[in-house]
Amino acid sequence: MVFSSFPYILVFLPLAVLVFFVLAQRGLVRASSYWLIAASLFFYGWWNYRYLLLPLGSVAFNYWLGRKLRDSPSSSRCLLGFGIAANLVLLGYYKYAGFFVENVAAVTGLALPMPSIALPLAISFCTFQQVSFLVDCSRNQVAPFNFRCYLLYITFFPHLIAGPVVRHHELLPQLEQPRPLAVRWEDLTWGLHLFTLGLFKKAVIADTMAAYADPVFNAAATGAVPSCLEAWGAALGYTFQLYFDFSGYADMALGSARMFGIFLPENFNSPYKAENIADFWRRWHITLSHFLRDYLYIPLGGSRAGVTRTHVNLVLTMLLGGLWHGAAWTFVIWGTMHGVALAVCHWWKGFSEARHWRMPSPVAWIVTMLFVIVGWVIFRASNWEAATRMLAALCGHAPLVLPKELAFVTHWGSFNDLAATTTRNLGNLPDTTVFAYSLALFAVCKWAPNSQQWVRERGFGAPENLTWAHCAMLAALLAVCLVSLLAHNEVFIYYVF
């Protein structure tokens, strides 16, 4: 079950909220917690109930080990190493076993059987949360906790599938306090607004841009060489598909949790406003960036061992962060690219400050966005060969085939075979629409407030600010989203990580 599905929107979420508040209003605080646990396990089991034992067993193991780490500080180093290794082995088996065997076979020439292992939902995010929990237990930074709250902390369905990566201090204290005994309309209205805006981003914007990106990337994966404009159209399409897909998911996760009076950490803060790559990573997937900083970059030495070691630590951290996204060399290369860019950004900051010179903001923004777009091409490509075809086309090493709207400009206006089978008339829209959409979306991402700012600044979370006209507009927006879901309903991109 995903947030952008009819069962979730029309049945699961309303029922979960209704029962929770009925129990809370009757003073059944513990029962309301157990209801959220049951709802979360049902949410997970909707995908495949046979895998339910995996998260339950992992939670039980890490709960037991966390208690041991808190109670036995003298042996915490060995216990912590054992716990981290156990979690990473589990993640490695399910996520990277096939990748490892494939590369060993390629290097050795052996005909090794490829393991057929389904990637369990949420294993990447749950692993990071539980590793951070164990590390903080070993540092004696975790307050006393019980199994019920810990189970809900890991399995709470709004953040279960694709984040945010929630640290114990951000959620456990909320779960250990008594739940509200009456419906908090502010939480419901704020959550509903944010959820609807996120659904609009996903169903209307992201899925529309996917129609421009997917055919070209899929064609490149089969060996076709896209034209220069086709490649740029696909690159821009994916740039905004991923942005609004992930941003929409983040809004829907925070909105769903807020309906229960639970606050999840912000995970997305207008990253396309960034004017350097370091600022981009302070805004994109914020909780993952914080995890990598606190549990990988700083333990590696951070910036405490000189400039060269700092740059090495940045590259290594982002390389592993890229590999976390998936078992493919394209993710490793993408992560390494961003690590090198962060190192260059770190060096450039010192270089420019010493000379009292600063790159003009428009230039800095354009350079940052061009790097991000090129990175997304590698991130999206099915393999490195497809990525090189797309990158070559972006650089002009491909025919310049103009859209049919510009056919009068030059004899190049007729489409070649690839154009006819990829981006022409996608979604019954003109071929130039992707570029017009991209310009408009660049303006929105650069200058408009993000959805959380928009809801907060206009006070839409306050019930007294709701009017009949406003409620009608919100209902109409939700109806547009539901109609869009009938036409196309792509899976969330981060759903598979």
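Fair warning: this is a prediction, and the values are worked out from it, not measured in the lab. All residue numbers here refer to positions counted from 1 along the written sequence of the relevant chain. Per-residue local features are limited, in this predicted model, to residues with pLDDT of at least 70; the limit for side-chain atom pairs, both in listing and counting, is 80 or more; totals at the level of whole chains, interfaces and linings are taken over all residues. Note that water and hydrogens are dropped before the side-chain values are worked out from all heavy atoms of the structure.

Asker: Please set out the packing of aromatic side chains residue by residue, giving values where relevant.
Answerer: Here a pair means two rings of Phe, Tyr or Trp (six-membered ring of Trp) with centres within 6.5 Å. Their orientation is stacked below 30 degrees between planes, edge-to-face above 60, and tilted elsewhere. Taken as a whole, this structure holds 60 aromatic pairs when the rule is applied. Geometrically, the ring pair formed by Y93 and Y94 is edge-to-face, given 5.0 Å between the ring centres and 80° between the ring planes. For Y93, a relative accessible area of 46% corresponds to the partly exposed category. Between W348 and W357, the aromatic rings sit 5.8 Å apart at their centres with planes inclined by 85°, giving edge-to-face as the arrangement. Judged by its relative accessible area of 29%, W348 is partly exposed. The ring of W324 carries the charged tip of K95 above its face, separated from the ring centre by 5.0 Å. Distance and angle both matter: a charge sits over a ring if NZ of Lys or CZ of Arg is within 6 Å of the ring centre and within 35 degrees of the ring normal. A cation over an aromatic ring shows up here: R258 above the ring of W190, its NZ or CZ 4.6 Å from the ring centre. For every residue, the accessible area (1.4 Å probe, protein chains only) is compared with the maximum for its type, and the residue is labelled buried under 20%, exposed over 50%, or partly exposed between those bounds.

Asker: Summarise the side chain of N267; cite the residues concerned and give the values.
Answerer: The numbering of helices and of strands both runs from the N terminus, where a helix is a DSSP run of H or I of at least 4 residues and a strand a run of E of at least 2. Among the structural elements, N267 can be located in the loop between helix 10 (228–258) and helix 11 (277–283). In this structure the side chain of N267 is engaged in a polar contact, spanning 2.7 Å, whose partner is the side chain of T287. Setting aside residues up to four positions removed in sequence, N267 forms contacts with P164, F246, R283, W284, H285, I286, T287 and L288. Any pair of nitrogen or oxygen atoms within 3.5 Å is treated as a polar contact; in protein, a donor-acceptor pairing is required on top of that, and neighbouring residues in sequence qualify only through side-chain atoms on both sides. For this analysis, residues touch if any pair of their heavy atoms sits within 4.5 Å.

Asker: Describe the packing of helix 9 (residues 185–221) against helix 20 (residues 468–487), naming the residues involved and giving the relevant values.
Answerer: To obtain an axis, a line is fitted to C-alpha atoms, over the contacting stretch when the element is a helix, and the angle between two such axes runs from 0 to 180 degrees between their N-to-C directions. It is at 9 Å that the axes of helix 9 and helix 20 come closest, and there the two elements cross at 35°. Viewed along their axes, helix 9 and helix 20 form a crossing whose handedness is left-handed. Contacts between helix 9 and helix 20 pair L192, H193, T196, L197, L199, F200, A203 and V204 from the former with H470, L474, L477, L478, V480, C481, S484 and L485 from the latter. Residue composition of the contact of helix 9 with helix 20, grouped by class: 12 nonpolar, 4 polar and no charged. For any helix crossing, the convention is left-handed if the near helix is rotated counterclockwise from the far helix by under a right angle, and right-handed if that rotation is clockwise. Only Asp, Glu, Lys and Arg are considered charged, only Ala, Val, Leu, Ile, Met, Phe, Trp, Tyr, Cys and Pro nonpolar, and every remaining residue, Gly among them, polar.

Asker: Describe helix 1 (residues 6–25), naming the residues involved and giving the relevant values.
Answerer: Here a helix's expected span is defined as the number of its residues, less one, multiplied by 1.5 Å. The terminal C-alpha atoms of helix 1, which comprises 20 residues, lie 28 Å apart, in line with the 28 Å expected from a rise of 1.5 Å per residue. In this analysis the local bend is the angle between axes fitted, respectively, to the seven residues ending at and the seven residues starting at the residue. The largest bend in helix 1 is about 35°, located at F12, with the proline P14 one to four residues further on. Along helix 1, the residues that are buried comprise Y8, I9, F12, L13, A16, V17, F20, F21, L23 and A24. Contact partners of the buried residues in helix 1: helix 2 (29–45), helix 7 (157–160), helix 9, helix 10 and helix 20.

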